[in-house]
Amino acid sequence: MDLRIFTEPQQGASYDTLLTVAKAAEDLGFDAFYRSDHYLRMGQGDGLPGPTDAWITLAGLARETKRIRLGTLMTAGTFRLPGVLAIQVAQVDQMSGGRVELGLGAGWFEQEHKAYGIPFPKEKFGRLEEQLAIVTGLWATEVGKTFSYDGTYYQLTDSPALPKPAQAKVPVLIGGHGAKRTPRLAAQYADEFNIPFASLEDSEKQFGRVRAAAAEAGRGPDDLVYSNALVVCVGKDDAEVARRAAVIGRDVAELKANGLAGSPAEVVDKIGRFGAIGASRIYLQVLDLGDLEHLELISSQVQSQLDRGNSAVEGAARLKKQLG
């Protein structure tokens, strides 16, 4: 089970804060550092010092980290033209030495579009489908050849389809709760399917839909990585859990019901239940970015137990194979 750190900088975080968290995540052995792509705080508060741009942030982190993978949950399709996005992601991938992943979604938060004068079109899903075709098509075009696209929303003519990412293929993440179109898009374009803030039951149903869509598209259902994004709040004891929940304005019981909260043992157990339905990666939504001790606790008491569990499972599998 890969554990990844997922941040929400629109709630109030400077680049320096994000850099500190990303470096801590790398030093503590987490698999990746991800961030949301929003320009306006949600809920109460002033959101100071103000929004940071997702891909500018990741470009900076690409030069200041060495191992950890970097990505978005999810880049808002309404914020960027697909040709420009393909250039941006490819460049940041080069800057990172091939550590970038692209989560791409339709965009949904209308208020932030109004606040910064960004068009908020009615038909967003159709645009997302064309964006995925264009971005992946540009990257897949051989050097020396051109890429053209004549869609309902976007048209490209004789694009040189440059620059290319450092990776042979930048992993693409698609996610959401939609029962029909989302699984179809994931089956066509995604390397990973992510469902955010969902119960075990809803996650299992959605994973099943995506697996079925993948099979219909001629892909193996296990060709995709299946992942969850869940808020995290871990403490050594009940008092520490309650303190961390209070800082982020959440109720402990609610966090335990809808996220990963409680003692390390409780959180390991719940992660195991997500693993049992097919998830192999968890994005831990960390809402208090000033609490690096929280990350240290998760690394030492949650991630370490998962690593030991994985080693035991793998060892048993190897022994079973040896014994025939």
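Before reading on, note that the structure itself is shown above.
### Focus on helix α2 (residues 54-64)
Here comes step 1: Regarding α2, the residues found buried are A54, W55, T57, L58, A59, L61 and A62.
Here comes step 2: Where α2 is buried, its residues contact α1 (15-27), β2 (32-35), β3 (69-72), β4 (75-76), α3 (82-96) and β5 (100-105).
Here comes step 3: Measuring from the backbone nitrogen of W55 back to the side-chain oxygen at the start of α2 gives 3.1 Å, which picks out D53 as the cap.

### Here's the deal with the environment of Q188
Here comes step 1: Checked against the element boundaries, Q188 lands in helix α6 (residues 181-189).
Here comes step 2: In this structure Q188 comes out as partly exposed when scored by relative accessible area, which is 45%.
Here comes step 3: When the C-alpha atoms of Q188 and R308 are compared, they prove to be 35 Å apart, with 120 residues separating the residues in sequence.
Here comes step 4: Filtering out sequence-adjacent residues up to four positions away, Q188 remains in contact with E129 and R219.

### With respect to the packing of aromatic side chains
Here comes step 1: Applying the stated criterion to the full structure yields 6 aromatic pairs.
Here comes step 2: Ring geometry for F193 against F207: centres 6.5 Å apart, planes inclined by 85 degrees, an arrangement best described as edge-to-face. One end of the pair, F193, is in strand β9 (residues 192-196); the other, F207, is in helix α7 (residues 200-216), with 14 residues separating them in the sequence. The residues F193 and F207 share a single accessibility class, namely buried.
Here comes step 3: Each residue in the set Y39, F79 and Y116 is aromatic and connected to the rest through ring pairs, giving one cluster.
Here comes step 4: A cation over a ring is seen here: K124 above F120, with NZ or CZ 4.1 Å from the ring centre.
Here comes step 5: Over the aromatic face of Y226 sits the side chain of R211, whose NZ or CZ is 4.4 Å from the ring centroid.

### What about the pairing of β2?
Here comes step 1: Burial along β2 is two-sided: A32 and Y34 and F33 and R35, pointing in opposite directions, are all buried.
Here comes step 2: Of the strand pairs in this sheet, strand β1 (residues 2-7) and β2 are connected by 4 bridges, and their pairing is parallel. Within β2, the position partnered with I5 by the bridge is F33.
Here comes step 3: With respect to chirality, the unit in which β1 leads through α1 into the neighbouring parallel β2 is right-handed.
Here comes step 4: The pairing of β2 with β3 spans 4 bridges and is parallel. Bridging from a neighbouring strand, F33 pairs with L70 of β3.
Here comes step 5: For the crossover from β2 across α2 to β3, the handedness is right-handed.

### Considering the pairing of β3
Here comes step 1: Neither face of β3 is exposed, since R69 and G71 on one face and L70 and T72 on the opposite face are all buried.
Here comes step 2: Taken together, the 2 bridges between β3 and β5 define a ladder with parallel strand orientation. Its bridge partner being in β5, L70 is matched across the sheet by V100.

### Some points on the side chain of T72
Here comes step 1: Looking at the element boundaries, T72 is found in strand β3.
Here comes step 2: Exposure remark for T72: the relative accessible area of 0% places this residue in the buried category.
Here comes step 3: Engagement of the side chain of T72 in a polar contact is seen with the side chain of T75, the distance being 2.8 Å.
Here comes step 4: A polar atom in the side chain of T72 sits 3.1 Å from the backbone oxygen of G103.

### A few points about the packing of α1 against α2
Here comes step 1: At a closest axis distance of 10 Å, the pairing of α1 and α2 adopts a crossing angle of 45 degrees. Judged by the angle between their axes, α1 and α2 are oblique. In this structure, α1 crosses over α2, and the sense of that crossing is right-handed. In contact with Y15, L18, L19, A22 and K23 of α1, α2 contributes T57, G60, L61 and E64.
Here comes step 2: When grouped by side-chain class, the residues that make up the contact of α1 with α2 number 5 nonpolar, 2 polar and 2 charged.

Quick notes on the rules
Residues numbered from 1 in each chain as written. Predicted model: local features only at pLDDT ≥ 70, side-chain atom pairs only at ≥ 80, totals over all residues. Heavy atoms only, no water. Buried < 20%, exposed > 50% of the residue type's maximum accessible area, 1.4 Å probe, protein only. Helix = DSSP H or I, 4+ residues; strand = E, 2+ residues; numbered from the N terminus. Contact = heavy atoms within 4.5 Å. Polar contact = N/O pair within 3.5 Å; in protein donor to acceptor, adjacent residues only side chain to side chain. Phe/Tyr/Trp six-rings, centres within 6.5 Å; stacked < 30°, edge-to-face > 60°. Lys NZ or Arg CZ within 6 Å of the ring centre and 35° of its normal. Pairing = 2+ DSSP bridges. Right-handed = clockwise from strand over helix to strand, strands pointing away. Axes fitted to C-alpha atoms, helices over the stretch in contact; angles between N-to-C directions. Parallel < 35°, antiparallel > 145°, perpendicular 65-115°, else oblique. Left-handed = near helix turned anticlockwise from the far one by under 90°. Nonpolar A, V, L, I, M, F, W, Y, C, P; charged D, E, K, R; others polar.

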